[in-house]
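Chains, contacts and geometry: an overview
Residue-level listing of the chains:
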Amino acid sequence: MSRIAYVNGRYLPIQAAGVHIEDRGFQFADAVYEVVSVVGGCLADEEGHLARMGRSLSELRMPWPVAPAVLRQIMRQVVARNRVRNASLYIQISRGAAPRDFRFPRDPSPTLVLTCRAARFQTPEQLQDGIACITVPDIRWLRRDIKTVGLLAQSLGKQAAAEAGAAEAWQIAPDGTVTEGCSSNVWIVTAAGVLVTRPASPLILNGITRQSLLRLAAAMGLGVEERPFTLEEAFAAREAFISSAGSFVLPVTRLDGRPIGDGRPGPLARRLRQAYFDHVGAPDPVEAGR
Ligand code: PMP
């Protein structure tokens, strides 16, 4: 069965779906996006993702192409038409097609695209053994809090990771602190057992999974510090993990070829991952799929 995409009011087989060659998303990366995981049919953290999309749009002075309530219906339609239970749902809004000009078109007609793809999220081995990460310099622009499709730096980082046999690249600021992964937020657990993750600022994307985990960690009574941490601190950590819509909470057991902690996934990552799926209201699809 062909995958079904949504483009500006139409549901189409993905091969037949397309946008204009002068779309500003294509020409200028003048577009924002969200990725929502569908877990056992549940749209994980849907509210948070739509709230962040609204924020990204308003930071770029872009209008909603449809009301958020209508978008929710389209999201459900795309999931239903693709007949998926575990999937990655992608939503992109661009400022639309206009004759190429850096300045905004006077009367924009935004492009709305949704696609959906069945996902396994992680392999059981990745969950059991943790993943390897590398580090790369953070070479991005300074409005990383806006979730735009300008992802070339992240693409280069992920490619370098893949070529090194790693699953993710941690981006390192000029001051030696860790900003975030290429498509995830990063967390460490100090020797004293405190969870540390970088505070929200224009230097990182404020992950929706990150925000949920902060609330869950507080409810669990865990010690949390939102502060920048250095690569040296990460090497000395007891545990490390990444969070994102697709990785949820995924232990990091090697960084630049060095083991983190005892080189095995740690208990806090395991507990937070479980707490996250309890919050979503669906079982861990990786555990369930074993
Ligand atoms: N940082 C970056 C740079 C990302 O691309 C992502 C994934 N979109 C995240 C963090 C994690 O965000 P979320 O939990 O909302 O998926």
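Residues numbered from 1 in each chain as written. Predicted model: local features only at pLDDT ≥ 70, side-chain atom pairs only at ≥ 80, totals over all residues. Heavy atoms only, no water.

1. Things to note about the overall build of the chain
- Regarding its fold elements, the chain presents nine helices and 15 strands.
- Scaling as 2.2 N^0.38, a compact globule of 290 residues should have a C-alpha radius of gyration of about 19 Å, and the chain matches this with 19 Å.
- Considered along the principal axes of its C-alpha atoms, the chain spans approximately 55 × 40 × 35 Å.
- Distance between charge centroids for the chain: 5 Å, based on 34 positive and 28 negative side chains. (Helix = DSSP H or I, 4+ residues; strand = E, 2+ residues; numbered from the N terminus. Rg over C-alpha atoms; globule rule 2.2 N^0.38 Å. Lys, Arg positive; Asp, Glu negative; His and termini not counted. Charge placed at Lys NZ, Arg CZ, Asp CG, Glu CD.)

2. Considering the site of the ligand
- Near the ligand there are 18 residues, and of these K147, E180, I208, T209 and A245 occur at the shortest range.
- Contact between the ligand and K147: a nitrogen atom at 2.3 Å from a side-chain N or O atom of the residue.
- The side chain of E180 places a nitrogen or oxygen atom 2.6 Å from a nitrogen atom of the ligand.
- Isolated, the ligand exposes 390 Å² of accessible area, and the fraction of that covered by the protein chains is 94%.
- Secondary structure elements with two or more residues in the shell around the ligand: α2 (46-59), β9 (178-181), α6 (208-219) and β13 (239-244).
- Taken together, the residues of the shell around the ligand sort by class into four nonpolar, 10 polar and four charged. (Near = heavy atom within 4 Å. Polar contact = N/O pair within 3.5 Å; in protein donor to acceptor, adjacent residues only side chain to side chain. Areas by Shrake-Rupley, 256 points an atom, 1.4 Å probe, with all protein chains shown as cover. Nonpolar A, V, L, I, M, F, W, Y, C, P; charged D, E, K, R; others polar.)

3. Some thoughts on the environment of M53
- Among the structural elements, M53 can be located in helix α2.
- C-alpha separation for the pair M53 and C116, spaced 63 residues apart in sequence, amounts to 17 Å.
- Once you skip the residues sitting within four places of it in the chain, M53 turns out to touch V32, Y33, E34, W64, I91 and I93. (Contact = heavy atoms within 4.5 Å.)

4. Section: the nonpolar core
- M75, L89, I91, L112 and L114 are the most contacted members of the largest nonpolar core, which has 24 residues in total.
- Sorting elements by how many residues they give to this core places helix α3 (residues 68-81) first, with five residues.
- Excluding residues that lie within four positions of it along the chain, L114 makes contacts with A5, Y6, L71, I74, M75, V78, L89, Y90 and I91. (Core = buried A, V, L, I, M, F, W, Y, C linked by side-chain atoms within 4.5 Å. Buried < 20%, exposed > 50% of the residue type's maximum accessible area, 1.4 Å probe, protein only.)

5. Overview of the layout of surface pockets
- Taken as a whole, the largest pocket spans an internal volume of roughly 1,100 Å³.
- Looking at the largest pocket, it is lined by 50 residues, and the ones nearest its centre are Y33, V35, K158, S183 and S244.
- Among the elements of the structure, β3 (31-39), α2, β5 (87-94), β6 (111-118), α5 (152-163), β9, α6 and β13 are those that each provide at least two residues to the lining of the largest pocket.
- Its residues assigned to classes, the lining of the largest pocket shows 20 nonpolar, 19 polar and 11 charged.
- Two domains share the lining of the largest pocket, each providing at least three of its residues, namely domain 1 (4-118) and domain 2 (124-288).
- In this model, the second largest pocket occupies a volume close to 200 Å³.
- Mapped onto the lining of the second largest pocket, the elements with two or more residues apiece are α4 (124-129), β14 (248-255) and α8 (267-280).
- Among the elements that take part in the lining of the second largest pocket, α8 stands out by supplying five residues, more than any other.
- Within the lining of the second largest pocket, the residues separate by chemical class into six nonpolar, three polar and five charged. (1 Å grid on protein atoms, 1.4 Å probe; cavity = no way out; pocket = protein on both sides within 12 Å on 5 of 7 lines; lining within 4 Å. Points joined across faces, edges and corners; volume = space filled by probe spheres on them. Domains from an automatic or database assignment.)

6. Side note on the domain arrangement of the chain
- Along its sequence, the chain is organised into domain 1 (4-118) and domain 2 (124-288).
- Placing a centre on the C-alpha atoms of domain 1 and another on those of domain 2 gives a separation of 26 Å.
- Across the contact, 22 residues belong to domain 1 and 25 residues belong to domain 2.
- When the buried surface of domain 1 facing domain 2 is broken down by residue, Y33, D45 and R52 rank first, second and third, together holding 34% of it.
- Along the contact surface separating domain 1 from domain 2 lie two salt bridges.
- E59 is the salt-bridge partner of R143, the closest N and O atoms lying 2.8 Å from each other.
- Mapped onto the side of domain 1 that touches domain 2, the elements with two or more residues apiece are β3, α2 and β5.
- A total of seven residues in the side of domain 1 that touches domain 2 trace back to one element, the largest contributor, which is β3. (Buried area = accessible area lost by both parts, 1.4 Å probe. Salt bridge = Lys/Arg side-chain N within 4 Å of Asp/Glu carboxyl O.)

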